[in-house]
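Results of the structural survey
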Amino acid sequence: MIVRKNSNVLGLVLILMSSVLLGVWAVKNTIALRNILLFVGAPLAALYCYWQYQEIRLKQIKIPIKYYLPILLVLLMFAWVLFHYLFLSRFPEIQWSELRSTWLRALMASILGLGTGLAILRRPNAINFLWLGILLSFAYLFYQYVPKALAAHSLFAPDYDGYIFYGKISAVLSGTILICGLLGTVLSRFTFLCSKAKWALLAFWLFGTSVALYASVFIFDTRNGVGLALLLFGVVATGLFVRLIMTFFSKPSIQKILVNVLFLVCLLGIGGWFGWSQFKLNPGWATMFEDVQVAMQVDKYPNWQNPANLGFPNNALGKEVRGNTYERVSWAVAGMTILAPENPLGVGILVRPFGVLLNEKYPDSAKGIMSSHSAWVEFTLAFGYPGILLTLGALVMILALSFSGLSKAHQDDQHPFNYLVATLAFGVIALYTVGEVSSQHGAEMLYFLITLMAGLLFPILSQQVKKI
């Protein structure tokens, strides 16, 4: 009984620590606080996981092996990173530095993520603390933004380096996690709450989502932030529409139909308004399709090797392609089709693997190119095909497990966090496809989220969770 009581207290501590960590992870000048949270939180999380394991043994609960696979893939990834340094390193000093910093923190983050996921199974409504932590960082962002907007006499006041986050991609990273987390929480927890709590959760979702999208449109002017949200909204809206159609073939509840219709209208309304606002403010949307077509032809147009000297090619409309669209797509395509096949085991470093390999192969290429702007491309170039298969494989496995649980929607053994995990896993896969978040805090957050979702999927106490 004492252990169980201590376990409950420790679980709450882990959730609160993770909330603070998610709030500051992508924020400037927080490395000391992040280190404290990780290096204190990881041992506490390991202890909590051990207590949960002891309880599983005492109750003789059998956990199918498939639920351990994402965690196993993460452990194999860390083993591969160490093996790469010991036997395949091309830049040993840089790789050793990353092992002692980024990868050590990523390991600590993985342990903390797993412990937090298991702790949330004990108190499911505490999942909202995670999103509250991120929302508080956006609150400080708006504190910085308001004077700039007033000085500019405009709602549109972008300043990529002058705000709390490490550039706009870090804002997209935090904002996308916030949007996915809130949306998935509504889909997962709504039916288990009382009437007042349901409306409170919907209000929290609407407010937090609006804040994140507002920041993407008016504060950072980032197309991938808005595009990722619209992609997620489109997938969820399609699922809701299909579910609405299917309810008419059963015994439909008028209240349930109205709630789903209201939520669908809110989802499409908020996505449509912010999407249209960003389309008007950012001219890159207008020619994006034509620009992407040109950017994918890396053999025909070698401009991507040195845009500063070679300039940009014209698209099918006879206009010069938008620089940021061309660079993102062409560098990603070149990375996966040219550089990755020539370096199947990777170069072993997370910082600037694309730029290093580009300069090696093309001596006349630009020396200042830092990233392909796609985390998955960077992971592939850094640790080869084994690295991307292990990391992305863990996410795909999590997505598959959540979908297999969703297929049991009308059965008693449905897990209460399947929608959240499915939404978050899909969002993370998409985010790391279009975002340059493969190093430092981006890598740490990735492995934290993978193990967090793996913990949330564990079939432990799921029936108790549903009744809370």
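Owing to the predicted nature of the structure, the values given are computational and were not obtained by experimental measurement. (Residues numbered from 1 in each chain as written. Predicted model: local features only at pLDDT ≥ 70, side-chain atom pairs only at ≥ 80, totals over all residues. Heavy atoms only, no water.)

Quick look at the confidence of the model for the protein
- When pLDDT is averaged along the protein, the result is 91, and 95% of the positions lie at 70 or above.
- Averaged over each element, pLDDT in the protein is lowest for helix 17 (residues 462-467) (44) and highest for helix 3 (residues 69-87) (98).
- Long-range and interchain partners of residues 409-413, a stretch whose pLDDT sits below 50, account for 6 contacts in this model, where long-range means more than four residues apart. (pLDDT = per-residue confidence, 0-100. Helix = DSSP H or I, 4+ residues; strand = E, 2+ residues; numbered from the N terminus. Contact = heavy atoms within 4.5 Å.)

Re the packing of helix 8 (residues 223-247) against helix 15 (residues 418-434)
- At a minimum axis separation of 10 Å, helix 8 and helix 15 run at an interaxial angle of 145 degrees. Our pair here, helix 8 against helix 15, has a crossing hand that is right-handed. Mapping the contact onto sequence places Asn224, Leu228, Leu231, Leu232, Val235 and Arg243 in helix 8 and Tyr419, Thr423, Phe426, Ala430, Leu431 and Val434 in helix 15.
- Its residues assigned to classes, the contact of helix 8 with helix 15 comprises 9 nonpolar, 2 polar and 1 charged. (Axes fitted to C-alpha atoms, helices over the stretch in contact; angles between N-to-C directions. Left-handed = near helix turned anticlockwise from the far one by under 90°. Nonpolar A, V, L, I, M, F, W, Y, C, P; charged D, E, K, R; others polar.)

Observations regarding a nonpolar patch on the surface
- Among the surface-exposed residues, Leu12, Leu16, Phe129, Leu132 and Leu136 lie close enough to one another that they form a single nonpolar patch of about 400 Å² accessible area.
- Elements that contribute at least two residues to the nonpolar patch include exactly helix 1 (2-24) and helix 5 (127-152).
- Tracing the sequence through the fold places leucine 12 in helix 1.
- For leucine 12, a relative accessible area of 32% corresponds to the partly exposed category. (Patch = residues over 30% accessible without salt bridge, like charges linked within 9 Å, V, L, I, M, F, W, Y side chains within 5 Å. Areas by Shrake-Rupley, 256 points an atom, 1.4 Å probe, with all protein chains shown as cover. Salt bridge = Lys/Arg side-chain N within 4 Å of Asp/Glu carboxyl O. Buried < 20%, exposed > 50% of the residue type's maximum accessible area, 1.4 Å probe, protein only.)

Some words on helix 7 (residues 195-219)
- Counted at 1.5 Å a residue, the expected span for helix 7 with its 25 residues is 36 Å, and the 35 Å between its end C-alpha atoms agrees.
- Backbone geometry just after helix 7 places aspartate 221 at a positive phi near 50 degrees. (Expected span 1.5 Å × (residues − 1).)

With respect to the packing of helix 4 (residues 92-122) against helix 16 (residues 441-457)
- Direction vectors running N to C along helix 4 and helix 16 enclose 25 degrees, while the axes themselves pass 7 Å from each other. Considering their axes alone, helix 4 and helix 16 lie roughly parallel with respect to each other. Relative to helix 16, the crossing made by helix 4 is right-handed.
- Among the residues making up the contact of helix 4 with helix 16, the classes are represented as 13 nonpolar, 7 polar and 2 charged. (Parallel < 35°, antiparallel > 145°, perpendicular 65-115°, else oblique.)

Some thoughts on the packing of aromatic side chains
- Under the defined criterion, the tally for this structure stands at 27 aromatic pairs.
- Between phenylalanine 142 and tyrosine 214, the aromatic rings sit 5.5 Å apart at their centres with planes inclined by 40 degrees, giving tilted as the arrangement. Of this pair, phenylalanine 142 sits in helix 5 while tyrosine 214 is found in helix 7, placing the two residues 72 residues apart along the sequence.
- In this structure an aromatic cluster arises from ring pairing among Phe78, Trp103, Trp376, Phe379, Phe383, Tyr432 and Tyr447. (Phe/Tyr/Trp six-rings, centres within 6.5 Å; stacked < 30°, edge-to-face > 60°.)

Quick look at the layout of surface pockets
- Counted as a void, the second largest pocket has a volume near 1100 Å³.
- Lining the second largest pocket are 47 residues, with Asn224, Arg328, His373, Val434 and Glu436 positioned closest to its centre.
- Counting only elements with at least two residues in the lining of the second largest pocket, the list comes to helix 6 (167-189), helix 8, helix 10 (288-295), helix 12 (323-342), helix 15 and helix 16.
- With 7 residues, the top contributor of residues to the lining of the second largest pocket is helix 12.
- Looking at the lining of the second largest pocket, its residues break down into 19 nonpolar, 19 polar and 9 charged. (1 Å grid on protein atoms, 1.4 Å probe; cavity = no way out; pocket = protein on both sides within 12 Å on 5 of 7 lines; lining within 4 Å. Points joined across faces, edges and corners; volume = space filled by probe spheres on them.)

Some details on the environment of serine 371
- Among the structural elements, serine 371 can be located in the loop between helix 13 (353-361) and helix 14 (375-406).
- Linking serine 371 and phenylalanine 220, residues 151 residues apart in sequence, is a C-alpha distance of 20 Å.
- Each residue touching serine 371, except ones within four places of it in the same chain, is listed here: Trp331, Phe354, Glu378 and Glu436.

Structural notes on the nonpolar core
- One finds Trp103, Trp131, Tyr432 and Tyr447 to be the most contacted residues of the largest nonpolar core, which totals 131 residues.
- For this core, the element with the highest residue contribution is helix 14, accounting for 13 residues.
- Contact partners of tryptophan 131, with chain neighbours within four places excluded, come to Ile177, Leu178, Gly181, Leu182, Thr185, Phe204, Leu420 and Leu424.
- Counting 25 residues, the second largest nonpolar core, distinct from the first, contains Tyr301, Ile338, Val356 and Leu357. (Core = buried A, V, L, I, M, F, W, Y, C linked by side-chain atoms within 4.5 Å.)

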